[in-house]
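Commentary on secondary and tertiary structure
So the chains spell out like this:
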Amino acid sequence: SKWETIKEYKEILFERMDKIAKITINRPEKRNAFTPVTVQEMIEAFNYCRDDASIGAIILTGQGDLAFCSGGDQSVRGNGGYVGPDHIARLNVLDLQHLIRIIPKPVIAMVRGWSVGGGNILQLVCDLTIAADNAKFMQTGPKVGSFDAGYGSAYLARVIGHKRAKEVWFLCKDYSADEAFQMGWINKVVPLDDIETETIEWCNEILQKSPTAIRFIKAAMNADTDGIAGLQQMAGDSTMLFYTTDEGKEGRDAFLEKRDPDFDKFPKFP
Ligand code: 1HA
């Protein structure tokens, strides 16, 4: 298809097609395991998508048919985190999870093959997930000496239920795309060859809807799951809208003009 590169990176691809951006983890020889560099590049790309008002939907995927993402690259796991060229041990994928959650545009995971460990949590925190029929979902933390007790556990329990979430983490078994669909873990299963067409169709459906409505729906669900941080996001959206009103502007103008504000003229809706 007609994807155009936005910027060249070492460990990801970053492309767009009109209003849709696509971020692809590009380490297929490692089943798209991520390093601190992969994650930093993804954070930069997501921030670009956030700032570019012409981008309305973001696809997150992995290169090739074998894996979406196999989690943290265990070969660069050091003492306290994953280590990149700066020699600092990091768990910066947690920052990426949060960014995917708060970015006020829909993020759709397009999953082919394995979705494992910290990679499967990236899929989880995306707003929607379309999976190919060859997709497999698995948490391995308790086998490889790791765990995600944040979104990976508490939010997973909100999505698939507590009993299921404990089963996923205690047994570390793999689940087929159909099983994951039945658990409410993902939105749709499609034949491998159709997955990009289907994902683009979902993006185009969403792109025809009101971006502000989508933004508030996403923020409302975060407000419910993320406590005061979630409320802050939704409150920020409210402030953004308020700043566009005459009532909001009257406060700013009165201050700048060194006069008392006249809020009396604004309606007090029921
Ligand atoms: O839990 C966290 C975090 C928690 C809190 C805060 C931050 C966190 C950050 C990360 C994580 C984690 O992600 S922990 C979980 C780490 N991931 C795993 O345990 C999955 C390991 N991989 C596998 O189980 C399998 O490779 C696989 C099910 C994904 C695919 O199996 P398959 O198709 O049989 O391929 P395989 O031969 O195993 O893999 C192909 C190549 O990719 C192998 O290298 P090669 O022998 O060809 O040299 C394999 O070693 C490599 N590879 C795959 N996954 C990883 C990997 N190398 C490093 N790290 C990997 N995750």
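Only a predicted model underlies this, so the values are computations on that prediction, with no experimental measurement involved. (Residues numbered from 1 in each chain as written. Predicted model: local features only at pLDDT ≥ 70, side-chain atom pairs only at ≥ 80, totals over all residues. Heavy atoms only, no water.)

Some words on the pairing of strand β3 (residues 20-25)
Within a regular beta strand, the side chains point alternately toward one face of the sheet and then the other, so they alternate between its two faces. A large share of β3 lies buried, amounting to 6 of its 6 residues. Of the two faces of β3, the one holding I20, K22 and T24 and the one holding A21, I23 and I25 are both buried throughout. Linking two consecutive strands that pair antiparallel, namely strand β2 (residues 12-17) and β3, is a turn of 2 residues; a positive phi of about 55° is found at D18 within it. Of the pairings in the sheet, the one linking β3 to strand β4 (residues 57-62) comprises 6 bridges and is parallel in character. For T24, the partnering residue across the bridge sits in β4 and is T61. Running through helix α1 (residues 36-51), the crossover from β3 to the neighbouring parallel element β4 is right-handed. (Buried < 20%, exposed > 50% of the residue type's maximum accessible area, 1.4 Å probe, protein only. Helix = DSSP H or I, 4+ residues; strand = E, 2+ residues; numbered from the N terminus. Pairing = 2+ DSSP bridges. Right-handed = clockwise from strand over helix to strand, strands pointing away.)

Side note on the pattern of salt bridges
One pass over the structure, following the stated rule, counts 19 salt bridges. Several salt bridges share partner residues, and in doing so they unite E11, R27, K30 and D73 into one network. (Salt bridge = Lys/Arg side-chain N within 4 Å of Asp/Glu carboxyl O.)

Side note on unusual backbone geometry
Positive phi values are uncommon outside glycine, yet R31 reaches one of about 55°. Positionally, R31 belongs in the loop between β3 and α1. In the Ramachandran plot, N32 falls in the positive-phi region, its phi being about 60° despite a non-glycine side chain. Within the secondary structure, N32 sits in the loop between β3 and α1.

Observations concerning the UniProt feature "site: Important for catalysis" (unreviewed entry) in the protein
Under the present numbering, the feature "site: Important for catalysis" (unreviewed entry) in UniProt falls on Y82 and Y243. With the annotated positions falling across 162 residues, the maximum pairwise C-alpha distance of 41.6 Å shows that they are not confined to a single cluster. Counting through the fold element by element, Y82 comes out in strand β6 (residues 82-83). Using a relative accessible area of 12% as the deciding quantity, one classes Y82 as buried. (UniProt positions renumbered as here; feature names shortened; annotations may be inferred.)

Points about the UniProt feature "binding site: hydrogencarbonate" (unreviewed entry) in the protein
In this structure's numbering, the residues bearing the UniProt feature "binding site: hydrogencarbonate" (unreviewed entry) are Q139, T140 and G141. With respect to the secondary-structure elements, Q139 resides in the loop between β11 (136-138) and α4 (141-144). The exposure class assigned to Q139 is buried, which follows from its relative accessible area of 2%. Of the polar contacts made by the side chain of Q139, one reaches the backbone oxygen of G117; its length is 3.3 Å. Counting through the fold element by element, T140 comes out in the loop between β11 and α4. Those residues within four positions of T140 in sequence are excluded, and the remaining contacts are V116, G117 and C172. (Polar contact = N/O pair within 3.5 Å; in protein donor to acceptor, adjacent residues only side chain to side chain. Contact = heavy atoms within 4.5 Å.)

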